[in-house]
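# Structural features, examined
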Amino acid sequence: MYDDQWVWPERRDLYRACLTLADPHTTSVLVSEATGILLNDIELYDDPRQGKDLWLFPDESPVADDLATKLHALAGAETSEDWGDAIIGHPTWPGICADAQKLLGMIRRNGQGTVQKVR
């Protein structure tokens, strides 16, 4: 996807973070950065409804919620924001990758713009 076509920066950030988390062989540094984007920058866990019907499509919402919940459960135990090793080394890492892969596919299918019914 071309970066210049994103309507919402939050959607672009979600897409980029999912690219990192969808790769089972990514680095812990990149996982830390992607987790920070999802949990801190776009607050996918703390305020999961902020993007609903704007930059987060209805079919994406449950998968995004599940991904954020899994990341928050693991990142919450770390205080240094060096979450990558804890996340990659955890037994739920394959599930995190699967959620990110699924969400990535949905974003690609739904596109870079806003939800259709929102004007």
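Attention here is on the structure that accompanies the text. All of these numbers come straight from a predicted model, not from anything done at the bench.

## Observations concerning the packing of aromatic side chains
What the rule picks out here adds up to one aromatic pair. Ring plane angle 45 degrees and centroid distance 5.2 Å describe the contact between tryptophan 6 and tyrosine 15, whose orientation is recorded as tilted. Accessibility expressed as a relative area gives 8% for tyrosine 15, which makes it buried.

## Some remarks on the environment of leucine 71
Mapped onto the elements, leucine 71 comes out in helix H3 (residues 61–75). In this structure, the C-alpha to C-alpha distance between leucine 71 and leucine 38, residues 33 residues apart in sequence, is 8.8 Å. Excluding residues that lie within four positions of it along the chain, leucine 71 makes contacts with Leu21, Thr35, Leu38, Leu39, Ile87 and Ile96.

## Some remarks on the nonpolar core
Counting residues in each nonpolar core, the largest one holds 32 residues, and the members touching the most others are Leu14, Leu21, Leu38, Leu67, Leu71, Ile87 and Leu103. Secondary structure elements with two or more residues in this core: helix H1 (9–21), helix H2 (28–41), H3 and helix H5 (93–110). Top contributing element to this core by residue count: H5, with eight residues. When sequence neighbours within four positions are dropped, the list of residues in contact with isoleucine 87 reads Val31, Thr35, Leu71, Leu74, Trp93 and Ile96.

## Quick word on a negative patch on the surface
On the surface, a cluster of negative charge is contributed by Asp41, Glu43, Asp46 and Asp47. Residue aspartate 41 is classed as exposed on the basis of its relative accessible area, which comes to 57%.

## Structural notes on the packing of H3 against H5
Interhelical geometry of H3 versus H5 gives an angle of 150 degrees and a closest axis separation of 9 Å. Classified by the angle between their axes, H3 and H5 sit roughly antiparallel to one another. In this structure, H3 meets H5 at a crossing whose hand is left-handed. Across the interface between the two elements, Val63, Ala64, Asp66, Leu67, Lys70, Leu71 and Leu74 of H3 pack against Gly95, Ile96, Asp99, Ala100, Lys102, Leu103 and Met106 of H5. A class-by-class count of the residues in the contact of H3 with H5 yields nine nonpolar, one polar and four charged.

Cut-offs and rules
Residues numbered from 1 in each chain as written. Predicted model: local features only at pLDDT ≥ 70, side-chain atom pairs only at ≥ 80, totals over all residues. Heavy atoms only, no water. Phe/Tyr/Trp six-rings, centres within 6.5 Å; stacked < 30°, edge-to-face > 60°. Buried < 20%, exposed > 50% of the residue type's maximum accessible area, 1.4 Å probe, protein only. Helix = DSSP H or I, 4+ residues; strand = E, 2+ residues; numbered from the N terminus. Contact = heavy atoms within 4.5 Å. Core = buried A, V, L, I, M, F, W, Y, C linked by side-chain atoms within 4.5 Å. Patch = residues over 30% accessible without salt bridge, like charges linked within 9 Å, V, L, I, M, F, W, Y side chains within 5 Å. Areas by Shrake-Rupley, 256 points an atom, 1.4 Å probe, with all protein chains shown as cover. Salt bridge = Lys/Arg side-chain N within 4 Å of Asp/Glu carboxyl O. Lys, Arg positive; Asp, Glu negative; His and termini not counted. Charge placed at Lys NZ, Arg CZ, Asp CG, Glu CD. Axes fitted to C-alpha atoms, helices over the stretch in contact; angles between N-to-C directions. Parallel < 35°, antiparallel > 145°, perpendicular 65-115°, else oblique. Left-handed = near helix turned anticlockwise from the far one by under 90°. Nonpolar A, V, L, I, M, F, W, Y, C, P; charged D, E, K, R; others polar.

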